[in-house]
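If you want the building blocks of each chain, they are given just below.
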Amino acid sequence: MAVATARKSGNGKPGPKHNIEAMRQAYYQRIAKHHMTPLWTVMSSLITEEPVTRCAPAIWHFNDVKALVMESGGLISAEEAKRRVLILENPALRGESRVTNTLFAGIQMILPGEVAPAHRHAPSAIRFVLDGEGAYTAVEGEKALMSPGDFVITASWAPHDHGNSSKKPMLWLDVLDVPTVNFFETSFAEDFDDPMQQTTRQNGDSLSFYGSGVLPDGTAAKNLATNRTPIINYTYARTRPITERMLKAGEIDKCHGARVRYANPITGGPVLPTMGANLTMLPKGFRGEPYRSTDGAIFVCVEGEGTTDVDGETLAWGQNDVFVVPPWKRYAHSAHKQSVLFSISDRPAQEALGIWREGK
Ligand code: GTQ
Ligand code: FE2
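Residues numbered from 1 in each chain as written. Chains lettered and ligands numbered in written order. Predicted model: local features only at pLDDT ≥ 70, side-chain atom pairs only at ≥ 80, totals over all residues. Heavy atoms only, no water.

(A) Local environment of the site of ligand 1. Taken together, Arg83, Val85, Phe104, Gln108, His119, His121, Arg127, His160, His162, Asp174 and Leu176 are the residues near ligand 1. Here an oxygen atom of ligand 1 and a side-chain polar atom of His160 are 2.9 Å apart. If ligand 1 stood free it would expose 290 Å²; the protein chains cover 87% of that surface. Among the elements of the structure, β3 (104-110), β4 (115-121), β9 (160-163) and β10 (170-176) are those that each provide at least two residues to the shell around ligand 1. Residues that form the shell around ligand 1 fall into these classes: three nonpolar, five polar and three charged. (Near = heavy atom within 4 Å. Polar contact = N/O pair within 3.5 Å; in protein donor to acceptor, adjacent residues only side chain to side chain. Areas by Shrake-Rupley, 256 points an atom, 1.4 Å probe, with all protein chains shown as cover. Helix = DSSP H or I, 4+ residues; strand = E, 2+ residues; numbered from the N terminus. Nonpolar A, V, L, I, M, F, W, Y, C, P; charged D, E, K, R; others polar.)

(B) How the structure looks around the coordination of the iron ion (ligand 2). Taken together, His119 (NE2), His121 (NE2) and His160 (NE2) make up the full set of protein donors to the iron ion (ligand 2), lying 2.1 Å away. Taken in sequence order, the residues that donate to the iron ion (ligand 2) follow the motif H-x1-H-x38-H. Taken as a pair, His121 in strand β4 and His160 in strand β9 lie far apart in primary sequence, 39 residues in all. When its relative accessible area of 12% is taken as the criterion, His121 is described as buried. Here His160 falls in the buried class, since its relative accessible area comes to 1%. (Donors = N, O, S within 2.8 Å, 3.2 Å for Na, K, Ca; no water. Buried < 20%, exposed > 50% of the residue type's maximum accessible area, 1.4 Å probe, protein only.)

(C) Focus on the sheet that holds strand β7 (residues 142-145). One open sheet accounts for five strands, arranged β7-β6-β9-β4-β11; its pairing is antiparallel. Each edge of the open sheet carries a strand with a single partner, namely β7 and β11 (189-191). Shown here is a sheet whose adjacent strand axes are inclined to one another by a mean of 25°, direction ignored. Bridge count for strand β6 (residues 136-139) against β7 is four bridges, and the pairing is antiparallel. (Pairing = 2+ DSSP bridges. Axes fitted to C-alpha atoms, helices over the stretch in contact; angles between N-to-C directions.)

(D) Region of interest: the pattern of salt bridges. Scanning all chains against the criterion turns up 19 salt bridges. Between Arg228 and Glu140 there is a salt bridge whose closest N-O contact spans 3.0 Å. Note that Arg228 is positioned in the loop between α8 (219-224) and β12 (233-234) and Glu140 in the loop between β6 and β7, a separation of 88 residues in sequence. Across the pair Asp205 and Arg201 runs a salt bridge, and its minimum N-O distance is 2.9 Å. Residue classification places Asp205 among the partly exposed residues on the basis of a relative accessible area of 24%. A relative accessible area of 30% means that Arg201 is categorised as partly exposed. A network of salt bridges, in which partner residues are shared, links Arg240, Glu244, Lys248 and Glu303. (Salt bridge = Lys/Arg side-chain N within 4 Å of Asp/Glu carboxyl O.)

Okay, structure coming up:
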């Protein structure tokens, strides 16, 4: 072995610098043939002192998005597309079908009379409704009629189909943990024969039941304590007034505003094991203090107008704009009008792995 020979001939000391460098390179080439490589040449870029992200701050303005998504309605039906969605690709991750390193985001549109056929898959999904009124998602036998600001949960492997029995197109934001599931190489998916599932519960039943401070008694309760919420639709009509009450009571976080966390009412944990979400109301004139955390987040401006400074870059948002803050980048919100922001990230997954951090 070249290295051992060098040590012997040099009385245990390495040879001259140029000599040892050449010997190292020759050695790396030899071990490469055996699919091995030295850690010491990559150590500092492999185990970094701070998070390194490939993700860039980005914003999609709803005016542009809506016009472009509406155009797709004339090109393909929901039935043919299966899901008529335009993917929001992070500008630094083009071609990777992702908005952050761990999350997929897209804008889905469903026209009056259309059906997006029933299927299920390993990735978990959420919808956040942007525009329209009265289209539905059916999840595990329950129809959720949707209005702007509603937050709808489709857990891993839950059967789901969408339909629009209203008179208006409906647009919503889809967020799925697809890149995370694919990172683990654990994707499964299947279609159902029937395009629409049979409903077995009343519309909105899960929120009426589990969002009311009572829980089923006895063994049924134990079976419910899983890693996903039993609630299908966290309606804006129920959630917004809570942030408004917090705002009026002065319960305003210096960084985040009057913010609530969407919770599993059985466990108090996040809505899904891989994704967690918040809703915040910012008073007019709010100037948030800088904050950072290891979970990159997707934000939606539900109401109002303002800006978010991300690492020296200013994102100016208005109603239904979607924007992204990469992991560990400092950001601060400012609200020019009273505003409501929805946000979603992979924080629960990071917390489960014990790697989540936050800082100023
Ligand atoms: O609505 O079921 O944006 O399965 C991507 C995959 C939406 C859906 C997406 C999906 C869906
Ligand atoms: Fe789906």
